[in-house]
Amino acid sequence: MKVQHRRPSASQLALRLFQRTLHPELFTRVAEAELRLGDFVAIFRICEAGHTVEIRKGNVTLMEVMGPYDQDLPERGRCFGYHLRGSRDASHALECGIQYCCSAQLEQLEPELFWDAQQELSRDAQRAFLTYEFPTEGHRLAPAPLSTIEAELTRDSLVVHAFHTFPESLTILRTQSLLQF
């Protein structure tokens, strides 16, 4: 049986940070990958509306969630949550010395600019760390929603670039997250 994925509207997205792990069953995952370096582990998941990044270093756990604003998630361990409109920057310093910074930009483009950006992301997706092309909804010639994640891990930082396209509204979500430890 083929599983259908329905991508929510880009206008419903929120960025949240938790200082804990959230149960994976709270999210409809479509792709997953992991990076490890010493005692550092990062688990990346592309979900229907966005992504999650679960970060573990020693006994510290963080989880970045980009998903629907109305998704019912626990309050315990939540550092912050923002409904995305235009551009948003966020940062959080943990008592253990880890610094988290994120910049998110939700942009609706003119049709020609969107199609150009979608094609460029499709080419870049071939080299991305993690990517998923959703089934096309509606017209068979319409571009499929696309999500890509790039990640760069060093001994003292993790940089994550994520792109999510929403063709039905000609919208692209770009996020850049930096974790310094």
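Residues numbered from 1 in each chain as written. Predicted model: local features only at pLDDT ≥ 70, side-chain atom pairs only at ≥ 80, totals over all residues. Heavy atoms only, no water.

Participant: What should I look at first to understand the overall build of the protein in this one?
Facilitator: Along the backbone of the protein there are one helix and twelve strands. Counted from the first residue to the last, the protein has its helices and strands arranged as β-β-β-β-β-β-β-β-α-β-β-β-β. For the protein, whose C-alpha radius of gyration is 16 Å, the value lies close to the compact-globule estimate of 16 Å for 181 residues. Dimensions of the protein along its principal axes, counting C-alpha atoms only, are 50 × 35 × 30 Å. Residue burial in the protein is summarised as follows: out of 181 residues, 46% are buried. A fraction of 58% describes how many contacts in the protein between residues 6 or more apart in sequence connect residues 24 or more apart. Within the structure as shown, the protein displays about 9700 Å² of accessible surface, and the carbon and sulfur contribution to it stands at 45%. Across the protein, the mean location of the 19 positive side-chain charges is 4 Å away from that of the 24 negative side-chain charges. (Helix = DSSP H or I, 4+ residues; strand = E, 2+ residues; numbered from the N terminus. Rg over C-alpha atoms; globule rule 2.2 N^0.38 Å. Buried < 20%, exposed > 50% of the residue type's maximum accessible area, 1.4 Å probe, protein only. Contact = heavy atoms within 4.5 Å. Areas by Shrake-Rupley, 256 points an atom, 1.4 Å probe, with all protein chains shown as cover. Lys, Arg positive; Asp, Glu negative; His and termini not counted. Charge placed at Lys NZ, Arg CZ, Asp CG, Glu CD.)

Participant: It is not clear to me how the environment of Thr131 should be interpreted in this structure. Could you clarify?
Facilitator: Among the structural elements, Thr131 can be located in strand E9 (residues 130-133). Among the residues examined, Thr131 registers a relative accessible area of 32% and is labelled partly exposed. Sequence separation between Thr131 and Arg45 is 86 residues; the distance between their C-alpha atoms is 9.6 Å. Those residues in contact with Thr131, other than ones at most four positions away along the chain, are Ala31, Ile46, Ala125, Leu146, Ser147 and Thr148. Of the polar contacts made by the side chain of Thr131, one reaches the backbone oxygen of Ser147; its length is 3.1 Å. (Polar contact = N/O pair within 3.5 Å; in protein donor to acceptor, adjacent residues only side chain to side chain.)

Participant: Is there a simple way to explain the sheet that holds strand E2 (residues 29-37) in this structure?
Facilitator: Note on sheets: strands pair through backbone hydrogen bonds, and any given pair is parallel or antiparallel. Read from one edge of the open sheet, six strands run E2-E3-E4-E5-E1-E6, paired in antiparallel fashion. Since the sheet does not close on itself, it has two edges, and those belong to E2 and strand E6 (78-83), each with one partner. Each strand axis lies, on average, 10 degrees off the axis of its neighbour in the sheet, ignoring direction. (Pairing = 2+ DSSP bridges. Axes fitted to C-alpha atoms, helices over the stretch in contact; angles between N-to-C directions.)

Participant: So what exactly am I meant to see when it comes to the nonpolar core here?
Facilitator: For soluble globular proteins, nonpolar side chains are generally found buried alongside one another. In this structure, Leu13, Leu15, Phe44, Leu84, Leu158, Leu173 and Leu179 are the most contacted members of the largest nonpolar core, which totals 36 residues. Elements with a contribution of two residues or more to this core: strand E1 (13-18), E2, strand E3 (40-47), strand E4 (51-57), strand E5 (60-68), strand E8 (99-108), strand E11 (157-166) and strand E12 (171-180). For Leu158, the residues in contact, after removing those within four places along its chain, are Phe40, Ala42, Phe44, Ile55, Ala151, Glu152, Leu153, Ser177, Leu178, Leu179 and Phe181. Listed in part, the seven residues of the second largest apolar core include Phe18, Leu22, Phe27 and Val65. (Core = buried A, V, L, I, M, F, W, Y, C linked by side-chain atoms within 4.5 Å.)

Participant: Explanation requested: empty space enclosed by the protein in the structure shown.
Facilitator: This structure, assessed with the given rule, holds one cavity of 30 Å³ or more. For the largest cavity, the calculated volume is near 50 Å³. At the level of elements, E4, E11 and E12 are the ones that each hand at least two residues to the lining of the largest cavity. When the residues that make up the lining of the largest cavity are grouped by side-chain class, the tally is seven nonpolar, one polar and one charged. (1 Å grid on protein atoms, 1.4 Å probe; cavity = no way out; pocket = protein on both sides within 12 Å on 5 of 7 lines; lining within 4 Å. Points joined across faces, edges and corners; volume = space filled by probe spheres on them. Nonpolar A, V, L, I, M, F, W, Y, C, P; charged D, E, K, R; others polar.)

Participant: How should the packing of aromatic side chains be read in this particular structure?
Facilitator: Working definition: an aromatic ring pair is given by the centre-to-centre distance plus the angle between the planes. This model, assessed by the stated rule, comprises six aromatic pairs. Here the aromatic rings of Phe40 and Phe181 are separated by 4.8 Å at their centres, their planes lie at 20 degrees, and the arrangement is stacked. On the criterion of sequence distance, the pair formed by Phe40 in strand E3 and Phe181 in the segment after E12 is long-range, its members being 141 residues apart. Pairwise contacts between aromatic rings join Phe80, Tyr82 and Tyr100 into one cluster. (Phe/Tyr/Trp six-rings, centres within 6.5 Å; stacked < 30°, edge-to-face > 60°.)

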